[in-house]
Amino acid sequence: MRAIVTGAAGFIGSHVAERLVSEGHEVLALDDLSGGFESNVPDGAKFHRGSVLDPLDDLFRRFRPETVYHLAAYAAEGLSHHIPVFNFTNNAVGTANVLAAAYRAGAGHFVFTSSIAAYGHPHSDEPFDEATPCVPCDPYGAAKLACEHHVRAVHAYYGRPAFTIFRPHNVFGPRQNIADPYRNVVGIFMARALAGKPMPIFGDGRQTRSFSYIDVVASCIAHAPMAPAARNATINLGGDEPMSVLELANRIAEIFGVPRAVDFLPPRKEVLHAHCRHDLARSVFPAEYERVTPIAEGLLRMADYVRANAVPAPTECPAPIEIADNLPPSWADRLAARSTAA
Ligand SMILES: NC(=O)c1ccc[n+]([C@@H]2O[C@H](COP(=O)([O-])OP(=O)(O)OC[C@H]3O[C@@H](n4cnc5c(N)ncnc54)[C@H](O)[C@@H]3O)[C@@H](O)[C@H]2O)c1
């Protein structure tokens, strides 16, 4: 198969591209390196540095992808309140642009990574399943939901490309950017542990997530075009093991052999408990879901990677702040320091 993977210099995209290359597929990686690193692109994949907002027809028509995996996004959910136009342009307009180029180049399958953020706040104690109404509570989730509707509408009108929409959540593992202060809580905590600094937690740390190790997530995404039941389906993707953010901080301190030290910050508006059912993913990808890596094991593997690799320079928000009201003070200080330095 010939496959284009957008966002392949990023965390999940690089694992998807790696899986595809290792299984003998021809891969073109497209990434503007705004949040990823060229060194993440696996050997054996071609790399094109460019934005998903660029005119893409020449590139796509020359490569003639059978499948386009669209993972490129600016995925800083909390910050998306403060960069709504950038967020919508990069994520939703970018998706429309990639999908149009995929269609015109004759691609048969479009795989899109949406997010659990599409659901918004839980309406009950039940985990989200794919039939739960989507009422996103931040611009990132709203843009992801708009993308989902757009992908389905294009398919309904033109009859192709077939699609698979994934709603992953809280994925972690090697190659995750640990130097992005606005997202990736596991990475942020590991970077702090390495630097011997306290781990920042918004609120009391009792918010819970089901942190999901990358291996199953990347396999399911890569294998979507080969799984008949994934055709034109929307699928939650990740683990089932709930953990509070405070417990996560304590576990990471233990792994790195540093004292438990937390910097409790004022709470920010966020979903308190976010969990999903994965019955559909299990039935569509039984082989991939056979052995889900437990969080404890995944943290050890990621810690090994983090210790063995240099911490990259801090990643900054790629756009100026558009609405500064309610910015968490720690972010406001950081962004103010950056604009003063500039
Ligand atoms: N990591 C998670 O827990 C998680 C959860 C749910 C959904 N997702 C989704 O999965 C996808 C991958 O996320 P990730 O965690 O690997 O993020 P990531 O930031 O590591 O990777 C995203 C990549 O997209 C690239 N990119 C951003 N804007 C671009 C543009 N305009 N043109 C070209 N490239 C661009 C970045 O340089 C980066 O390499 C995203 O769509 C994200 O919304 C991630």
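Look above for the structure.
The following paragraphs examine the structure supplied in this document. As the structure is a computational prediction, the values presented were derived from the model and not from experiment.

Helix and strand counts for the protein come out as ten helices and 14 strands. Against the 2.2 N^0.38 benchmark of 20 Å for 342 residues, the protein shows a C-alpha radius of gyration of 19 Å, consistent with a compact globule. With the principal axes as the frame, the protein shows a C-alpha extent of 55 × 45 × 40 Å. The buried share of the protein, taken over its 342 residues, is 53%.

With that settled, the discussion passes to the sheet that holds strand β9 (residues 208-209). With respect to topology, three strands assemble into an open sheet ordered β12-β9-β14, the strand pairing being mixed. Looking along the sheet, the strands with just one partner apiece sit at the ends: β12 (243-244) and β14 (273-274). As paired elements, β9 and β12 share two bridges and run antiparallel to each other. Bridged to Thr 208 within β12 is Ser 244.

All right, on to the pairing of strand β2 (residues 26-31) then. β2 sits mainly inside the fold: five of its six residues count as buried. As paired strands, strand β1 (residues 2-6) and β2 are joined by five bridges and run parallel to one another. Within β2, the position partnered with Arg 2 by the bridge is Glu 26. In the classification by handedness, the crossover that spans β1, the intervening helix α1 (residues 11-22) and the parallel β2 is right-handed.

Structurally, Asp 58 can be placed in helix α2 (residues 57-63). Asp 58 sits 43 residues away from Ala 101 along the chain, and the two C-alpha atoms are 8.9 Å apart.

Another point: the nonpolar core. The biggest cluster of nonpolar side chains holds 59 residues, and the ones touching the most others in it are Ile 221, Ile 252 and Phe 285. Per-element accounting of this core gives the leading share, seven residues, to helix α6 (residues 214-223). Excluding residues within four positions of it along the chain, Ile 221 makes contact with Ile 12, Val 16, Tyr 69, Leu 71, Val 111, Thr 113, Phe 166 and Leu 237. Membership of the second largest hydrophobic core comes to 25 residues, among which are Leu 28, Leu 56, Ala 102 and Phe 163.

Tracing the sequence through the fold places His 223 in helix α6. A polar side-chain atom of His 223 sits 2.6 Å from a polar atom in the side chain of Glu 288. In contact with His 223, not counting residues within four places along its chain, are Arg 19, Glu 23, Phe 285 and Glu 288.

What counts, and at which threshold
- Residues numbered from 1 in each chain as written.
- Predicted model: local features only at pLDDT ≥ 70, side-chain atom pairs only at ≥ 80, totals over all residues.
- Heavy atoms only, no water.
- Helix = DSSP H or I, 4+ residues; strand = E, 2+ residues; numbered from the N terminus.
- Rg over C-alpha atoms; globule rule 2.2 N^0.38 Å.
- Buried < 20%, exposed > 50% of the residue type's maximum accessible area, 1.4 Å probe, protein only.
- Pairing = 2+ DSSP bridges.
- Right-handed = clockwise from strand over helix to strand, strands pointing away.
- Core = buried A, V, L, I, M, F, W, Y, C linked by side-chain atoms within 4.5 Å.
- Contact = heavy atoms within 4.5 Å.
- Polar contact = N/O pair within 3.5 Å; in protein donor to acceptor, adjacent residues only side chain to side chain.

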